[in-house]
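Fold and geometry: a report
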Amino acid sequence: MTAEPAASAAPAASTTPPATTAPAASAPPAAAIAPAASVPTDSAGVDSTSTGPWSADRGSAVHHPAIHHPAVHHPVDRRGADRTSQAGLRARAQHADRTKAGVAVDPRFAHGPLAVVDADQDGRAVAYCVGGLVLDVPAASLPALVHWTLTEAALGAPRLNPHGRDADPLLVLTPAACERYGLPTRLSQEERLAGRIPDDHRAVRQLQRADWQLTRRGLGPWARIYRPAQGGRRQCVQLCVPSWDALDARVWHGAADLPPAELARLLGTYAQRVTTPCGSTAVTGLELMTALHPPTRASEPGADGRRHSEHNPGSLGTQPVDCAPCEAPDGHPLLADLPRFHQRGPAEMLLEEAYDWARPLTDAECLRPYVVGIDVNLAFGAAANGAVVGLGAPVHVRKPAFDPKLPGSWLVDLSHLDLSRVRVGKEWTRLEAELLPSPFTPQGERPDGPAWYATPTVAYAVELGYDVAPLEAWVRPDSGRYLDAWYKRLRDAYVATMADLGVTGDLPPEEFLSAMDGCKQRDEQMAIVLAAIKATVKGGIGKLRERPRGGGWKPGRPWPALARPTWRPDIRATVISRARTNMHRKILALAAATGRYPVAILSDCAVYAADGPTPLHVLPYTEDGRTVPGSFRLGVSPGMVKHEGTQTTLWAEGVREEHGDDLNLARYIKDGRVTAVDGGE
């Protein structure tokens, strides 16, 4: 990104005594990180063993005070709890346990990935870290705070891929810290609309005078403060200001109002299990993809013994690629020549979206007392697992033979596929087609002619036993399982957080349902972490086809997201196609084995009429815990299902009578409240 020119002045070295650490007794239980041992430094006070992002550049004119081993003292927590030496001993004991267990602690990042900076009434600043540790912050200005973070705080996280970079340290500023460092505690209406404070604000000018730069998004709720890398050393600090609405309440709920130590625990858990947040959960999800598959790597040494940067196989590279015309959303530059009010149909554009389908209940279903919703865990994450996606530009071919292993978009007529007779597993099966959604359209309607589909959708038609004859295609021969590592990282984070809430993978169906009941009330902070993980999955996939935002854009003109390699609508389409066909595959297996059909589907939630109020009245389980092969299974892992909600059949008929037959019961099955006209997800 283009940055503003930096001033030549360097920040003055702080004369305040170095930071000291002590554990905060008020912090909820978390994986404790012990106070850092002194880091080996050279005569300038710079870590002589590291080139990580927190290390200062030795070639800079900035003076770096030596890092001293902190002397422990016991400041009083402002909420009344003493941070005693006993707590410090416990932290050291936990650190010893981690060492014995073989858990390596990188000394560069001994205090974790982030800190929540707060200030008391006397203006003294402290930083709450992961594990309940607290650092005294000697910095008296924002530039000094950034300098302290990079030279003394020992914050950050190791890279997730050998060819990637270490995560930048994150500072979360409370309102009191904002006051301490000359920032507004809240943004004005004009600043909220701009997403930043003015460039002539005193704090911004301080940073410029100290030779620090901001990215093009400026100093806003999420900001990056950096100096250009020199000699392979990265100097960058991220800021997060919750009181400026950095933490979206729809995802993070009341996290912004938590006490500093508790907020550090919550965000620290997310950072350790997913990655250090760097913006919205959608932005973080996209950044996680890049962190796990960096676009470049160091080459083997050449004849002169030097290495250079080269393309990293399996990544999306450093340059954006054009999508196929059928994959382009409305307003894309590829469509600039279309008439202004032209509406593209299925034969002109790829429309791979999640299910939003419902049908009236049959007379037999109306006699059953309940409608029960089941929800697929991390459905888009499960769909990303194993997905073969294109890594390079598309190639246009006419009348190709369909290849299910070749990612791309295919123009093909699937209107001949009859759901009343399909192959389920290896057997041809008769089904009641009028009670099933089509697997080829988001609304579940049967296609009426040629349309564009992603590879997984066409492959599913072949799986059901029908021939396909594509008319043309845009395919990507350069392909790979780009999202596998991303899925595994988020899967592990999801499962670990569910375990914190008391739900583990070894529970039989009845115990699983019991454990899920009220699990989010057992630890409200971990429930927020869980919501953030789920939003990271969904938002990360959605960000692959980011649309224009803000004023000034005109149809046919490029928007900023198109300039990044991770703007890939074809990858998004592949994942959503897999999620929808995975759902349909399980529905067919259950229908073929039990004669039960869904009455509504919304994305990853399916609703069935049932004789009882739990999923066990929908999903048949034997005494040894087995269910229908290939169908839904209760459990905590991604791709398995949980109970979404139950309402009575009288409620279902009542809301449909009031709001129309098109109302999707799956949208309201959780609590039964129809809060608005059903206009889609």
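Relevant structure appears above.
Let us now look at the overall build of the chain. Counting its secondary structure elements, the chain contains 16 helices and 23 strands. Once local pairs closer than 6 in sequence are excluded, the contacts in the chain between residues at least 24 apart make up 71%. Accessible area for the chain stands at about 30,400 Å²; split by element, carbon and sulfur atoms hold 51% of it.

Quick look at the side chain of threonine 457 now. As for its position among the elements, threonine 457 is in helix H11 (residues 455–463). The buried category is assigned to threonine 457, whose relative accessible area is 0%. For threonine 457, the side chain forms a polar contact with the side chain of serine 577, separated by 2.6 Å. When residues no more than four places from it in sequence are discounted, the contact partners of threonine 457 are Glu352, Pro439, Phe440, Ser577, Arg580 and Thr581.

Among the 10 residues of helix H2 (residues 142–151), 10 are classified as buried, and the element is accordingly described as predominantly covered. Buried residues belonging to H2 abut strand S3 (125–129), strand S4 (133–137), strand S5 (170–173), helix H5 (202–209), strand S7 (222–230) and strand S8 (233–240).

Here we take up the nonpolar core. Ranked by size, the top nonpolar core spans 107 residues in total, and within it Trp252, Leu483, Trp486 and Phe632 carry the most contacts. In this view, phenylalanine 632 contacts Ile374, Val376, Met583, Lys586, Ile587, Leu590, Tyr608, Leu619, Thr627 and Val641; residues no more than four positions away in its chain are not counted.

Below, the discussion takes up the packing of aromatic side chains. If you walk through the whole model with that rule in mind, you get 6 aromatic pairs. Summarising the aromatic geometry, the rings of tryptophan 553 and tryptophan 559 are spaced 5.6 Å apart at their centres and angled 85 degrees between planes, so their arrangement reads as edge-to-face. Arranged with centres 6.1 Å apart and planes meeting at 80 degrees, the rings of tryptophan 559 and tryptophan 567 form a pair that is edge-to-face. Exposure class is identical for tryptophan 559 and tryptophan 567. Each is buried. Members of the aromatic cluster, joined through ring pairs, are Trp553, Trp559 and Trp567. The ring of tryptophan 212 has arginine 227 sitting right over it, with the charged end atom 3.8 Å from the ring centre.

Strand order across the open sheet formed by 4 strands is S14-S19-S15-S18, with antiparallel pairing between neighbours. A single partner strand is all that each edge strand has here, and the edge strands are strand S14 (395–398) and strand S18 (450–454). Put simply, the sheet's adjacent strands are angled 20 degrees from each other on average, direction ignored. In terms of strand pairing, S14 meets strand S19 (residues 472–475) through 4 bridges, oriented antiparallel. Among the inter-strand pairings, histidine 396 is bridged to a residue of S19, identified as tryptophan 474. The sheet strands contacting H11 are strand S15 (408–413) and S18, and the helix crosses S18 at an angle near 110 degrees.

A separate point is the pattern of salt bridges. The full count for this structure, using the stated rule, is 30 salt bridges. In this structure, aspartate 168 engages arginine 165 in a salt bridge whose closest nitrogen and oxygen atoms are separated by 3.6 Å. Judged by relative accessible area, which is 1%, aspartate 168 ranks as buried. Owing to a relative accessible area of 40%, arginine 165 belongs among the partly exposed residues under this scheme. One salt bridge connects arginine 549 with glutamate 546, and the closest N-O pair in it is separated by 3.1 Å. Judged by relative accessible area, arginine 549 falls into the exposed class, the value being 66%. Each of Asp106, Arg108, Arg159 and Asp166 takes part in salt bridges that share partners, so that together they form one network.

Ordered by their spatial adjacency, 5 strands build an open sheet running S11-S21-S22-S12-S23, and the pairing between neighbours is antiparallel. Each edge of the sheet is formed by a strand with only one pairing partner; in this case those strands are strand S11 (356–358) and strand S23 (641–648). For this sheet the average axis-to-axis angle between neighbouring strands, irrespective of direction, equals 20 degrees. Strand direction decides the pairing type here: S11 and strand S21 (residues 600–602), joined by 3 bridges, are antiparallel. For alanine 358, the partnering residue across the bridge sits in S21 and is alanine 600.

Between helix H8 (residues 281–292) and helix H14 (residues 524–542), whose axes approach to 7 Å, the crossing angle comes to 70 degrees. Relative to H14, H8 is oriented roughly perpendicular. Contacts from Thr281, Ala282, Gly285, Leu286 and Met289 in H8 reach Ala532, Ala535, Thr536, Gly539, Gly540 and Ile541 in H14. When the residues that make up the contact of H8 with H14 are grouped by side-chain class, the tally is 6 nonpolar, 5 polar and no charged.

Calculation criteria
Residues numbered from 1 in each chain as written. Predicted model: local features only at pLDDT ≥ 70, side-chain atom pairs only at ≥ 80, totals over all residues. Heavy atoms only, no water. Helix = DSSP H or I, 4+ residues; strand = E, 2+ residues; numbered from the N terminus. Contact = heavy atoms within 4.5 Å. Areas by Shrake-Rupley, 256 points an atom, 1.4 Å probe, with all protein chains shown as cover. Buried < 20%, exposed > 50% of the residue type's maximum accessible area, 1.4 Å probe, protein only. Polar contact = N/O pair within 3.5 Å; in protein donor to acceptor, adjacent residues only side chain to side chain. Core = buried A, V, L, I, M, F, W, Y, C linked by side-chain atoms within 4.5 Å. Phe/Tyr/Trp six-rings, centres within 6.5 Å; stacked < 30°, edge-to-face > 60°. Lys NZ or Arg CZ within 6 Å of the ring centre and 35° of its normal. Pairing = 2+ DSSP bridges. Axes fitted to C-alpha atoms, helices over the stretch in contact; angles between N-to-C directions. Salt bridge = Lys/Arg side-chain N within 4 Å of Asp/Glu carboxyl O. Parallel < 35°, antiparallel > 145°, perpendicular 65-115°, else oblique. Nonpolar A, V, L, I, M, F, W, Y, C, P; charged D, E, K, R; others polar.

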